[in-house]
Amino acid sequence: MRDEPLMLSSLRPLVLGLLVAASASLGLAQTPLADQPAPAAPIQQVLVMLRMAPQHFRPDGYGGSYGDGEGRSARWRIARRLAKEQGVSVADEWPMPVLGVDCYLMTVPADRSPEEVAARLGRDPGVSWSEPLHTYHAKGEPIAHNDPLYRVQPAAREWRLAELHQISTGRDVRIAVIDSAIETTHRDLVGQIELTKNFVPDRPDIPEDHGTGVAGVIAAHADNNLGMAGVAPQARLMGLRACWQETPRAGEAESTAPTLCDSLSLAKALDFAISHKAQIINMSLSGPPDLLLGRLVDIALTDKIIVVAAYDRNLPNGGFPASHKGVVAVADETADPHVAGVFGAPGRDVPTTETGNRWFLVNGSSYAAAHVSGLFALVRQRTPSVHNASALVVAYHGDTINACATLLQTSGSCDCDCGLSREHLSIAHK
Amino acid sequence: MESQYNVRGVSLNDAKPDIRFGLTYDHASGAYGGLSGILGDTARNGVQPLGYIAYLGFAKPLPNGWIWDVGATNTQITLYIPASTLLRSPQNTTYKQASTERYRADYSEFYSGVSVHDISARVYISPDYLNQGVSTAYLDLNAAYRPIPQLRLYGHAGALTPLDSSKGAESDREHFDLGAGAVWELHHAELRLAWTGVTSKVEYPINFRQKNNALILSATGFF
């Protein structure tokens, strides 16, 4: 079995007149403390946000505003100046137009603390905000392989998935899976991934378990005589790799290697998802509140994108982004105690896709969140204008999601059977 | 530096290279401005200062994510037109010799538009575009796409139309231009390869023969 949490790190603000910088990071879910890997070496990097001027006309002779070379160059010079003043070096740059900032990653010498450097950068009047880059862990438990059949899926029984699929399959709904790399050639996923984008360029771009598992829960093929059925088997996934699976240490099984993310890679992925019109963003991860990521999530919500996140019981308020206003927070429905405002979904003994064209059983809120992202895809196919997702969810006592009632929007005396009958009658009538 | 000074699909210096020097300023409030001087190869007259473009504007992000942009430009430009390509002397010819006519234009445009992500649309109004005695409106649509962070591909479509059609000349006609290109961006420089084309037999706004399309190579350094 496998339990994979994602966590996100915090960022802090700085400000600079025309410029801004920032940092943040994420990680994967929780495991028993005794099983956790030794703490990683502290990350000696900070994020600095330099504000972009709004895009505008330039008399460049070819239409104007195709780019912002002047501004980009100016921000780069300012970043270099700041780095020199603080004795750090610029390691990376990533424009985030949806936030109106250029994000610079700066490396801090080993004898200085990133917190102190970020605070100093934050005092510069030109910096919008800055904060240390944080890293988070996820560790898998030993994997128990199983014969992956639909009938063992919790959603098959509890959510009556096959019946829901007669009403909706999430056809053409675009879900951004911000996670580790997905095995796009997996027999249960092939053709389901509309695009992939790697925001972790320094790591080998190879399929990884967490992302592949989350993708399978959401959109594995149904009725293909293989493995299991995704909750939204006709949805289209955007595989945005912002996390990576660490190389196992000597003597460790590969499946127990931690999965890490950082806030910069997550911000890049969020920015991409927003810019490329994702309708749902699945973030099966958690971590500390983060200003940069929070602003991107706000923009996503403003753009009517549903954001679903895993709730982490080990972090205050369930960790970010689950704690962020407007984000749909999801926990494993079997875990106690239930937390008000957090929806429960299947998250224990969930069969899903594994790298190497295999399937495995997984546990944790990561997969509960994936179930809910899939459910929202079903809802969005039926009602494309839906975006206030939380208001649509129909739940049992204890906030465990009633998938059937959520999809059909039934209540009171009309239960799921009644709703499905009405729906079938309605379809027959047409 | 660019292989020709081309405005809205029309080369204004007989398809010869030019160099521009620009100074730009962007304020955090959204106010911006700039001045760009142009030095061009006039072929028969050697390298000459062609003029300048000054602009001042204000861009404001809107709550829906769009950016509204408004401003004005003033252009002073001297064009050296080979006599062999001249269909009719422009109104403002200030110098004439056997092989070349020198034409000076001093005109303003006022613009407003919106942009969202990599798409923009603007309308430009000029009371006397290129001093041809005709007020014009120009609609400018642009879109860009980045397959990788350093590479920007763009497309452009424009339509220039006279607002008063009383002159009865070629300038009464609409003039459409298209453009597409690729820009490779570095930290302090960019390289651009672009194609631009205009509707056939362009004689507007200046009465000289033009090629209908051009391939333009340019390099820009930022200091």
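Residues numbered from 1 in each chain as written. Chains lettered and ligands numbered in written order. Predicted model: local features only at pLDDT ≥ 70, side-chain atom pairs only at ≥ 80, totals over all residues. Heavy atoms only, no water.

**Remarks on the nonpolar core**
All names here are of chain A. We apply this condition: Among buried residues, the Ala, Val, Leu, Ile, Met, Phe, Trp, Tyr and Cys ones that are joined through side-chain atoms within 4.5 Å form a nonpolar core. Burial classes follow relative accessibility: with a 1.4 Å probe on protein chains only, a residue under 20% of its type's maximum area counts as buried, one over 50% as exposed, and anything between as partly exposed. Contacts are assigned to residue pairs with any non-hydrogen atoms lying within 4.5 Å of each other.
Ranked by internal contacts, the top residues of the largest apolar core, which has 50 residues, are Trp159, Ile175, Val308, Val328, Val372 and Phe376. Those residues in contact with Trp159, other than ones at most four positions away along the chain, are Pro154, Leu164, Val231, Ala345, Pro346, His371, Val372, Leu375, Ile401 and Ala403. In terms of nonpolar packing, the next biggest core, distinct from the first, is built from 47 residues, Leu105, Leu133, Ala176 and Leu293 among them.

**Brief notes about the interface of chain A and chain B**
Filter applied, for reference: Once two parts are put together, the accessible area they lose, assessed with a 1.4 Å probe and summed over both, is termed the buried area. Any carboxyl oxygen of Asp or Glu that lies within 4 Å of a side-chain nitrogen of Lys or Arg is treated as forming a salt bridge with it. Here a polar contact is taken to be a pair of N or O atoms separated by no more than 3.5 Å, where protein atoms must pair a possible hydrogen donor with a possible acceptor and residues adjacent in sequence count only if both atoms sit in side chains. We count a stretch as a helix when DSSP gives it H or I for four or more residues in a row; a strand needs E for two or more, and each element gets its number in order from the N terminus.
In this complex, chain A contributes 30 residues to the contact, which on the side of chain B involves 43 residues. Taken together, both faces of the contact between chain A and chain B bury some 3,000 Å²; the carbon and sulfur share is 55%. Counting the contacts that link chain A with chain B gives three salt bridges. Two residues, Glu185(B) and Arg72(A), come together in a salt bridge whose shortest N-O distance is 3.4 Å. Where chain A packs against chain B, one counts eight residue pairs in polar contact (both at pLDDT 80 or more). Residue assignment for the side of chain A that touches chain B shows that the elements contributing at least two residues are helix H1 (69-86) and strand E5 (89-96) of chain A.

**Quick word on the pattern of salt bridges**
Per the counting criterion, the structure on display carries 24 salt bridges over all chains. Residue Glu158(A) pairs with Arg157(A) through a salt bridge whose shortest N-O separation is 3.7 Å. Judged by relative accessible area, which is 34%, Glu158(A) ranks as partly exposed. Accessibility expressed as a relative area gives 55% for Arg157(A), which makes it exposed. Between Arg146(B) and Glu185(B) there is a salt bridge, and its shortest N-O distance comes to 2.9 Å. Of this pair, Arg146(B) sits in strand E10 (residues 136-148) while Glu185(B) is found in strand E12 (residues 175-185), placing the two residues 39 residues apart along the sequence. The exposure class of Arg146(B) is partly exposed, given its relative accessible area of 33%. Relative accessible area serves as the criterion here: at 7%, Glu185(B) is assigned to the buried category. Salt bridges linked by common partners bring Arg72(A), Arg146(B), Arg152(B), Glu185(B) and Glu190(B) together as one network.

**Describing unusual backbone geometry**
The peptide bond linking Phe320(A) to Pro321(A) adopts the cis configuration, its omega dihedral lying at 10°. Tracing the backbone shows Pro321(A) in the loop between strand E15 (306-310) and strand E16 (328-332). The phi angle at Asp223(A) is positive, at roughly 60°, despite the residue not being glycine. Residue position: Asp223(A) is located in the loop between helix H5 (209-219) and strand E11 (236-241). Its identity as a non-glycine residue notwithstanding, Leu130(B) has a phi of 55°, on the positive side.

**Some points on the packing of H5(A) against helix H8 (residues 365-382) of chain A**
Residues and elements named next belong to chain A. Just so we agree on the cut-off: Between the N-to-C directions of two axes lies an angle of 0 to 180 degrees, each axis being a line fitted to C-alpha atoms and, for a helix, fitted only over the stretch in contact. Here a crossing is taken to be left-handed if its near helix is turned anticlockwise relative to the far helix by less than a right angle, and right-handed if that turn runs clockwise. Gly falls in the polar group here, along with every residue not listed as nonpolar (Ala, Val, Leu, Ile, Met, Phe, Trp, Tyr, Cys, Pro) or charged (Asp, Glu, Lys, Arg).
At a minimum axis separation of 8 Å, H5 and H8 run at an interaxial angle of 35°. Of the two elements, H5 crosses H8, and the hand of that crossing is right-handed. Residue-level contacts link His210, Gly213, Val214, Val217 and Ile218 of H5 to Ser366, Tyr367, Ala370, His371, Ser373 and Gly374 of H8. Among the residues forming the contact of H5 with H8, the class breakdown is five nonpolar, six polar and no charged.

**A word on the side chain of Thr352(A)**
All names here are of chain A. Looking at where Thr352 falls in the secondary structure, it is placed in strand E18 (residues 350-354). Reaching out from Thr352, the side chain makes a polar contact with the backbone oxygen of Gly213 at a distance of 2.7 Å. Those residues in contact with Thr352 that lie beyond four places of it in its chain are Thr212, Gly213, Gly216, Val217, Met228, Arg358, Trp359, Phe360 and Val362.

**Details of the packing of aromatic side chains**
Applied cut-off: Only the six-membered ring of Trp is used, alongside the rings of Phe and Tyr, when aromatic pairs are assigned; centres must lie within 6.5 Å, and planes under 30 degrees apart are stacked while those over 60 apart are edge-to-face, with the rest tilted.
In total, this model carries ten aromatic pairs over all chains according to the counting rule given. A centroid spacing of 5.8 Å and a plane angle of 85° characterise the contact between Phe57(A) and Tyr55(B), whose relative ring orientation is edge-to-face. Here Tyr55(B) lies in strand E5 (residues 47-61) and Phe57(A) lies in the loop between strand E4 (45-51) and H1, a pairing that spans two chains. With respect to burial, Phe57(A) and Tyr55(B) carry one shared label: buried.

**Some points on the confidence of the model for chain A**
Residue and element names in this part refer to chain A. This is how it is decided: The pLDDT value expresses, per residue, how confident the predictor is, ranging between 0 and 100.
Counting all residues, the mean pLDDT for chain A is 79, and 79% of those residues have values of 70 or more. Looking at the elements of chain A, mean pLDDT is at its lowest for strand E2 (residues 21-22), recorded as 28, and at its highest for E11, recorded as 97. The low-confidence segment residues 1-40, where pLDDT is below 50, has 276 contacts with residues more than four positions distant or belonging to other chains. Throughout residues 138-148 the model reports pLDDT below 50, and contacts reaching past four residues in sequence, or to other chains, amount to 49 contacts.

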